[in-house]
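Structural description and commentary
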Amino acid sequence: QVQLEESGGGLVHSGDSLRLSCAASGGTFSLYAMGWFRQRAGQEREFVATITRIGQKIVYADSVKGRFTVSRDNAGMYLQMNGLKPEDTAVYYCAADHSIYRTSVPTRPADFSSWGQGTQVTVSS
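Anyway, here's the lowdown on the structure attached to this text.

Below, the discussion takes up the packing of aromatic side chains. Per the counting criterion, the structure on display carries five aromatic pairs. Ring centres of Phe37 and Trp115 lie 5.1 Å apart, and the angle between their planes is 55 degrees; this geometry places the pair in the tilted category. Linking Phe37 in strand β4 (residues 33-39) with Trp115 in strand β10 (residues 114-115), this pair joins segments that are 78 residues apart in sequence. Trp115 gets classed as partly exposed once you look at its relative accessible area, which sits at 25%. Both rings, one in Tyr93 and one in Trp115, keep their centres 6.5 Å apart while their planes meet at 80 degrees; by these two values the pair is edge-to-face. With Tyr93 in strand β9 (residues 90-97) and Trp115 in strand β10, this residue pair connects regions lying 22 residues apart in the sequence. A relative accessible area of 12% places Tyr93 in the buried class. A network of ring pairs unites the aromatic residues Phe37, Phe47, Tyr93, Phe112 and Trp115 as a single cluster. In this structure, Arg19 is placed above the aromatic ring of Tyr78, and the distance from its NZ or CZ to the ring centre is 4.3 Å. Sitting above the plane of the Trp115 ring, Arg45 keeps its charged end 4.7 Å from the centroid.

This is how it looks when you write it as structure tokens:
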């Protein structure tokens, strides 16, 4: 099973940019759709973006559309976050969907079976 590790979080000001990385190891990473989720303090984990196995389909949450860009290569997955807002403050997680037979783009936490430990993003106003 693939192991995932996020990096790139930090403390920034409103309007700044950050680039999160998700390094994958121990599995056939290229077979899996990958997703980014975030969890604000006291709230449930919410969908941010999904990119399918070869990047042919990308889906974003409405709250980040036009500001965030997800991409992937042989080493991992990335989330370029521009125009950050205080409401983007959360722990960001990357996840892998091990179902190679899924016909729809996975966007629910239950669709993903491998998760990283998360990286904190804090946006001050």
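Right, let's talk about the side chain of Thr119 for a bit. With respect to the element layout, Thr119 can be found in strand β11 (residues 119-124). A relative accessible area of 10% places Thr119 in the buried class. Looking at Thr119, its side chain comes within polar contact range of the main-chain nitrogen of Gly9, at 3.2 Å. Discounting chain neighbours no more than four positions away, the residues touching Thr119 are Glu6, Ser7, Gly8, Gly9, Leu20, Ala90, Val91 and Tyr92.

Turning to the pattern of salt bridges, a few remarks are in order. Taken as a whole, this structure holds eight salt bridges when the rule is applied. The partner of Arg38 in a salt bridge is Glu46, and the shortest N-O contact between them spans 2.6 Å. The exposure class assigned to Arg38 is buried, which follows from its relative accessible area of 2%. For Glu46, a relative accessible area of 25% gives the class partly exposed. Measuring nitrogen to oxygen at the nearest pair gives 3.0 Å for the salt bridge that ties Lys65 to Asp62. Taken together, the shared-partner salt bridges in this structure form one network comprising Arg38, Arg40, Glu46, Arg67 and Asp88.

In this section: a nonpolar patch on the surface. The grouping of Leu31, Ile100 and Tyr101 at the surface amounts to a nonpolar patch, some 330 Å² of accessible area in total. Along the chain, Tyr101 falls in the loop between β9 and β10. By relative accessible area, Tyr101 is classed as exposed at 73%.

Sheet strands pair by backbone hydrogen bonding; their relative direction is either parallel or antiparallel. Judged by pairing direction, the sheet is antiparallel, and its four strands sit side by side in the order β1-β3-β8-β7 without closing on themselves. Two strands close off the open sheet at either side, each with one partner strand: β1 (3-7) and β7 (68-72). On average, each strand axis in the sheet is inclined to that of its neighbour by 15 degrees, with strand direction left out of account. Pairing of β1 with strand β3 (residues 18-25) involves five bridges; the strand directions are antiparallel.

Here is what the cut-offs are and how they apply
Residues numbered from 1 in each chain as written. Predicted model: local features only at pLDDT ≥ 70, side-chain atom pairs only at ≥ 80, totals over all residues. Heavy atoms only, no water. Phe/Tyr/Trp six-rings, centres within 6.5 Å; stacked < 30°, edge-to-face > 60°. Helix = DSSP H or I, 4+ residues; strand = E, 2+ residues; numbered from the N terminus. Buried < 20%, exposed > 50% of the residue type's maximum accessible area, 1.4 Å probe, protein only. Lys NZ or Arg CZ within 6 Å of the ring centre and 35° of its normal. Polar contact = N/O pair within 3.5 Å; in protein donor to acceptor, adjacent residues only side chain to side chain. Contact = heavy atoms within 4.5 Å. Salt bridge = Lys/Arg side-chain N within 4 Å of Asp/Glu carboxyl O. Patch = residues over 30% accessible without salt bridge, like charges linked within 9 Å, V, L, I, M, F, W, Y side chains within 5 Å. Areas by Shrake-Rupley, 256 points an atom, 1.4 Å probe, with all protein chains shown as cover. Pairing = 2+ DSSP bridges. Axes fitted to C-alpha atoms, helices over the stretch in contact; angles between N-to-C directions.

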